[in-house]
Amino acid sequence: MRPLVIVPACTRDFGEHPYHAAQHKYVDAVVLGADCAPMILPSLGASLDLETMFSLIDGIMLTGSASNVHPSYYSEEVLDPTLPQDPARDQTTLPLIREAVKRGVPIIAICRGFQEMNVALGGSLHQAVQAVPGKFDHREKPELGMDEQYGDAHNVKLCEGGMLREILGVDEIPVNSLHGQGVNSIAPCLTVEAVAEDGLVEAFTVSDSPGFTLAVQWHPEWRIQHNPYSMKMFGAFGEACRKYKEEREARRQEQLEEQRRSRG
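Parameters at a glance
- Residues numbered from 1 in each chain as written.
- Predicted model: local features only at pLDDT ≥ 70, side-chain atom pairs only at ≥ 80, totals over all residues.
- Heavy atoms only, no water.
- Core = buried A, V, L, I, M, F, W, Y, C linked by side-chain atoms within 4.5 Å.
- Buried < 20%, exposed > 50% of the residue type's maximum accessible area, 1.4 Å probe, protein only.
- Helix = DSSP H or I, 4+ residues; strand = E, 2+ residues; numbered from the N terminus.
- Contact = heavy atoms within 4.5 Å.
- Pairing = 2+ DSSP bridges.
- Axes fitted to C-alpha atoms, helices over the stretch in contact; angles between N-to-C directions.
- Phe/Tyr/Trp six-rings, centres within 6.5 Å; stacked < 30°, edge-to-face > 60°.
- Lys NZ or Arg CZ within 6 Å of the ring centre and 35° of its normal.

Undergrad: Lay out the nonpolar core in plain terms, naming residues and giving numbers.
TA: Counting 30 residues, the largest nonpolar core has Met-61, Leu-164, Trp-218, Phe-234 and Phe-237 as its most contacted members. Among the secondary structure elements, those contributing two or more residues to this core are β1 (4-8), α1 (24-32), β6 (107-110), β8 (154-158), α6 (163-168), β9 (172-175), β13 (213-216) and α7 (228-262). With six residues, α7 is the largest single contributor of residues to this core. In this structure Phe-237 touches Val-5, Ala-34, Gly-59, Ile-60, Pro-106, Ile-107, Ile-108 and Phe-212, once residues within four positions along its chain are discounted. Counting residues in each nonpolar core, the second largest holds 29 residues, with Ala-100, Val-101, Leu-121 and Phe-204 among its members.

Rendered as structure tokens:
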């Protein structure tokens, strides 16, 4: 059986009805890039049973989204009230991230997921990167077609000695850019893995996590099979999930054996 990876859903209204939703490209990346089995996790907030989830899963993929992490989580007011929020997702993913890091569950995070990880672990965000002196406008151009929006926009430099540089085997790669927010102060427990040409943090790992963690600001899930760098990233995540699954099942077997011995 393949490792089970949860993909936390966003909340969306379709017509008059609310839905839990995840885009196909993220689910496809779990299957095609990581060779794992995806399961969409509803954004249940405080109703989420974390113990049940962690007894079943072998990895987490945090997706991008049109919505932003609410700035109250890093002690700021909303700068632009016209931008979408998703409080149910915030209430689900932020505690999920903290517990997953503690347990060593493998995580790969993209765009909003990248921002969620920084906020969940104590960092803050620029709410409008394009308004920060010296920073580029990293937003997509909505008048362009999807292939152009997700095309290469700029390069990122991979940090020397970093995990991402080791995975990809190069010191610089081109990436797409479809985000208006980005890292301001990085959480103390994070290690920067890549930076854009304007100095904006574009990738990080969790320094002291016992498990695999990789968060990137760009979208490696887009047409993943056509991007060798993306395939290597998700391949490394998939291998970490398989290792975690083996260790989890071994621990469970040890517990069963201990129970049998205690019963005499």
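On we go.
Undergrad: Now, about the sheet that holds strand β5 (residues 59-62): what can you tell me, with residues and values included?
TA: Read from one edge of the open sheet, nine strands run β4-β1-β5-β6-β13-β12-β11-β8-β9, paired in mixed fashion. Single-partner strands in this sheet number two, and they are β4 (37-41) and β9. Neighbour-to-neighbour, the strand axes of the sheet open up by a mean angle of 20°, direction not taken into account. Pairing geometry for β5 and β6, over three bridges, is parallel. Bridging from a neighbouring strand, Ile-60 pairs with Ile-107 of β6. Sheet contacts for helix α3 (residues 87-103): β1, β4, β5, β6 and β12 (201-206); angle to β5, the most-contacted strand, approximately 140°.

Undergrad: Would you mind going over the packing of aromatic side chains in detail, with residue names and values included?
TA: Inspection of every chain in the model, using the stated rule, returns four aromatic pairs. Look at Tyr-150 and Trp-222: their rings are 4.2 Å apart centre to centre, the planes differ by 15°, and that puts the pair in the stacked class. Taken as a pair, Tyr-150 in the loop between α5 (146-149) and β8 and Trp-222 in the loop between β13 and α7 lie far apart in primary sequence, 72 residues in all. One exposure class covers both Tyr-150 and Trp-222, and it is buried. Its guanidinium or amino end placed over the ring of Tyr-244, Arg-251 lies 5.7 Å from that ring's centre, counting from NZ or CZ.

Undergrad: So what about the pairing of β5? Which residues, and what values?
TA: Residues in a regular strand point their side chains to alternate faces of the sheet. The alternating pattern of β5 places Gly-59 and Met-61 and Ile-60 and Leu-62 on opposite faces, both of which are buried. Sheet topology note: the β1/β5 ladder contains two bridges and is parallel. Along β5, the bridge assignment pairs Val-5 with Gly-59.

Undergrad: Got a sec to walk through unusual backbone geometry? Specific residues and values, please.
TA: Even without being glycine, Cys-111 reaches a positive phi, approximately 50°. Here Cys-111 falls in the buried class, since its relative accessible area comes to 5%. Positive phi outside glycine occurs at Arg-223, with the angle close to 45°.

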